[in-house]
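# A look at the structure
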Amino acid sequence: MLAKLLVSLNLFIFSVHGASLNLENITETQFDGITKEFGANFVHTAVTPPESLGAIFGIEVGLVVGTTASPVTDKVVKSVSPSSSAPRIPHGGLMAQVSVPFGISAEAVIIPETEADDLSISVLTMAAKWTLTESLIKLPLVDIAARLHFGSAEAASKTTGDVSSVPVDSKVEFESSSWGTNLSVGLNLVLLKPYVGLGYVSTDTEIGVSATSGTIFDSSFSSASSAKKSHSGAHLFVGAELDLFLLHIGVEYSNVFGIEKYTAKFSLA
């Protein structure tokens, strides 16, 4: 059952209104925007407040799903096919969090490598979280946590027609890696746990085409089959978790160097 759920989630993650994500004649300015959007989309978030899961031990397992605003990607996709669109890039995966003494927690979000139809995707993001108010300082109703996170993602979409002289059934491929650190502060109101955080994020994103000939880039930008771009900047996030004892429901808004991202969580803890 879990395997079927993950496969269904994988298809949702990288489907763009049921069509392959065809890209064509990407300019340098557009490439800068697309890589920023995809890089932000795969930055780690498990939608967890700064509080740990327990003074001795705790475990949480669930799903996270969300979308990232992608106006630049949408414009390029529509230029190839007016009937297609990509105003938001979906993201998500199976999430887990484990807490041990001294306020130390480990988080992970994963989508095992999966291929179906014209799409393929794999995601792994991880974080180490230290809840300072568990061991270093004590504040009533307030939790403070520092987090260091890393992530990587790969996705591919087969072309459905000749794109910039690229043969049919070639693959447009995306690879993104990220790392970052942040500090979050939250209120522990028993059932409701709102929080806010600020940090720094750095991403490296590569986009290319796997084909015997052709390129997806505008000739004024590049004649190569792939290109790579790095981005870095501020990471602001605001969220809340509803703690119904065994069931946890969370929502989070984040802004990763100017890119807006929304994520929801459903888990058992």
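Going by the structure above, here's the rest.
Rules of the game
- Residues numbered from 1 in each chain as written.
- Predicted model: local features only at pLDDT ≥ 70, side-chain atom pairs only at ≥ 80, totals over all residues.
- Heavy atoms only, no water.
- Buried < 20%, exposed > 50% of the residue type's maximum accessible area, 1.4 Å probe, protein only.
- Helix = DSSP H or I, 4+ residues; strand = E, 2+ residues; numbered from the N terminus.
- Arc of directions from axis to C-beta.
- Contact = heavy atoms within 4.5 Å.
- Phe/Tyr/Trp six-rings, centres within 6.5 Å; stacked < 30°, edge-to-face > 60°.
- Patch = residues over 30% accessible without salt bridge, like charges linked within 9 Å, V, L, I, M, F, W, Y side chains within 5 Å.
- Areas by Shrake-Rupley, 256 points an atom, 1.4 Å probe, with all protein chains shown as cover.
- Salt bridge = Lys/Arg side-chain N within 4 Å of Asp/Glu carboxyl O.
- Lys, Arg positive; Asp, Glu negative; His and termini not counted.
- Charge placed at Lys NZ, Arg CZ, Asp CG, Glu CD.
- Pairing = 2+ DSSP bridges.
- Core = buried A, V, L, I, M, F, W, Y, C linked by side-chain atoms within 4.5 Å.

Attention shifts here to helix α3 (residues 71-80). Looking at α3, one finds that the buried residues are T73, D74, V76 and V77. End-on, the buried residues of α3 take up no more than an arc of 165 degrees, which puts them together on one face. Those residues of α3 that are exposed and aimed more than 90 degrees away from the buried face are P71, K75 and S79. Buried positions along α3 lie against α2 (28-41) and β2 (88-100).

What follows is about the packing of aromatic side chains. A complete count under the given rule lists seven aromatic pairs for this structure. Relative to Y262, the ring of Y253 lies with its centre 5.2 Å away and its plane at 55 degrees, an arrangement referred to as tilted.

With that settled, the discussion passes to a negative patch on the surface. Taken together, E113, E115, E154, E173 and E175 make up a surface patch of like negative charges. Residue assignment for the negative patch shows that the elements contributing at least two residues are β3 (104-116) and β6 (171-187).

For the rest of this paragraph, the subject is the pairing of strand β8 (residues 226-244). In this sheet, β8 lies alongside strand β7 (residues 192-210) in antiparallel orientation, the contact comprising 17 bridges. Looking across to β8, one finds that P194 is bridged to A240. Relative to strand β9 (residues 247-256), β8 runs antiparallel, the two being bridged by ten bridges. The residue of β9 that forms the bridge with E241 is G250. Between β8 and β9, which pair antiparallel one after the other, the connecting turn spans two residues, and F245 there sits at a positive phi close to 65 degrees.

This part takes up the nonpolar core. Membership of the largest hydrophobic core comes to 22 residues, with the highest contact counts inside it found for L23, I26, I207 and I216. Listing elements by their share of this core, those giving two or more residues are α2, α3, β4 (119-131), β5 (142-158), β6 and β7. For this core, the element with the highest residue contribution is α2, accounting for three residues. Counting residues in each nonpolar core, the second largest holds seven residues, with V47, M95, V109 and F237 among its members.

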